[in-house]
Amino acid sequence: MFQRFTVLLPDAAPRWERWWCPSKTTSTLAGTTEGQALPEKSAGRLILGLPSRACRTFAVRIPSQDAKTARRLAVMQLEKRGLAAAADPDQTPFECHLTPLASGGAVLSVDTVSAASMAEFLSLKPAALIPAARCFPLPEHSLVLTWEQERAVLLAGNRGMLVHAQLLSASPGRPDQMAAEIRITALTLFQQGLVPEITGLEIRGSFSESDAAALGASTGLAVSIRPRPAPDPELMARFSSARLLPAQGRAASRGQRLRLLKMAAAVAVAGAVLLWWTGERRSLSALEKQAAELEENVSSSATSHSGEKALGERVRGTQERWQGLRMALDPKRYPMLHLNSITRCLGESGVVLTRFESKGPDLGVTGTAGSAAEAYTFYTTVNTDPELRVYDWSMVEPVIAANGMASFNLKGKMR
């Protein structure tokens, strides 16, 4: 399901663009900043598009197409290039993307953000990050030359997906130097099997025809000049990632997702209870109507004793079924309502339920909590909940694991 958002992207000039993306097919420019300083945090979900000066994107070819293996290989590449956190490489903020190859293996493209660059953007508290270069579609068999806040950036893609981004050191006024960097990058990427054969260079932005012709002559590539397209909301929703955030940012993002999942679970439970209640009420009404008709037939019947006896037995059977269903419709006995109430008691805690069991007048709830104190807090919340006070609750002492997690077992008996 697409979740609308605002994305902040670096402009070609030293400023930022704010794009509003209400659907996966629409992006609208909502404004620009006056300078290179970041704007204030706005309401709603914000995705920050990182300029290439703050985010490294590189590619390697790997023999596997397995996502877990790819992440382990990405960590090794980050360590090899000196981009991993020295204390704990697994805590390095990075994201990786696979492009499977028909000949076997895949191209692994890795995005990573340095701690020094991240400090610049923490004040915005974005929900996710994405390299700005991943926000735009890329042509096949062509490199893309674009600008981010007056810095020239060379992009290479495979099957329309970014695999490599590189800041160029040469200035736009020296097309000969720029051509040398482009030519070396194109040859290296092709020889390593990271991109298909490169035959063109697409320039996105303001560039003179004479300089473009000089680039084409020096690189041997067909050069075209086109305006930068609008960012693609579907690409941004697909490639934005909370894994690029620092550790505290990733924890906050996980907490937000957990709250949304709890809300969705509560809504689903309430809907299921409502449907079940409606069906049972209809069954009860039908049985009551049938019982009334049978009683009327008994009182007005002038048939033989055997017929009256058979009819009486039918009446008693219907009444017994009705009484049984009536007891089942007692709200105090609804397991789904009890589960809904217990789920509501979770609140924003880190408690996770692993088992819910209902047997007649007894309920059983097991789960894990971040600590024993958190487990006792959850027990107190359940014990004082107005809808759950129809039970007498008890809890044995939680079992504490080596990592501090507490396993608990709650039991309730209907009063």
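Attention here is on the structure that accompanies the text. Bear in mind that the values here come from a model prediction, so they are computed numbers and not experimental data. (Residues numbered from 1 in each chain as written. Predicted model: local features only at pLDDT ≥ 70, side-chain atom pairs only at ≥ 80, totals over all residues. Heavy atoms only, no water.)

## Some points on the overall build of the protein chain
- Within the protein chain one finds nine helices and 18 strands.
- If you take every contact in the protein chain between residues at least 6 apart in sequence, the share linking residues at least 24 apart comes to 60%.
- Accessible surface for the protein chain amounts to roughly 22100 Å². Of this, 55% is attributable to carbon and sulfur atoms. (Helix = DSSP H or I, 4+ residues; strand = E, 2+ residues; numbered from the N terminus. Contact = heavy atoms within 4.5 Å. Areas by Shrake-Rupley, 256 points an atom, 1.4 Å probe, with all protein chains shown as cover.)

## Description of the packing of aromatic side chains
- For the structure on display, the rule yields four aromatic pairs.
- Consider the rings of W16 and F121, whose centres lie 6.1 Å apart with planes at 80 degrees: the pair is edge-to-face. Taken as a pair, W16 in strand β2 (residues 16–23) and F121 in the loop between α2 (115–118) and β8 (128–131) lie far apart in primary sequence, 105 residues in all.
- With relative accessibility at 0%, the residue W16 sits in the buried group. (Phe/Tyr/Trp six-rings, centres within 6.5 Å; stacked < 30°, edge-to-face > 60°. Buried < 20%, exposed > 50% of the residue type's maximum accessible area, 1.4 Å probe, protein only.)

## Some thoughts on the side chain of R204
- Position of R204 relative to the elements: it lies in strand β12 (residues 200–204).
- Within the structure, the side chain of R204 is placed 2.8 Å from the backbone oxygen of P137, a separation counted as a polar contact.
- In this structure the side chain of R204 is engaged in a polar contact, spanning 2.7 Å, whose partner is the side chain of E202.
- Not counting the four nearest positions on each side in its chain, R204 is found in contact with F136, P137, L138, P139, V144, L145, T146, W147, R226, R228 and P229. (Polar contact = N/O pair within 3.5 Å; in protein donor to acceptor, adjacent residues only side chain to side chain.)

## A word on helix α3 (residues 175–191)
- Along its 17 residues, α3 runs 24 Å from first to last C-alpha, staying within 8% of the 24 Å computed at 1.5 Å per residue.
- Here α3 has its buried residues at P175, M178, A179, E181, I182, T185, A186 and L189. All buried residues of α3 project into a common sector of 165 degrees when viewed along the axis, lining one side. Exposed side chains of α3 directed beyond 90 degrees from the buried face belong to I184 and Q191.
- Contacts from the buried residues of α3 go to β9 (142–148), β10 (151–158), β11 (161–167), β12 and α4 (209–219).
- Trailing α3 by a residue or two, G193 shows a phi angle of about 75 degrees, which is positive. (Expected span 1.5 Å × (residues − 1). Arc of directions from axis to C-beta.)

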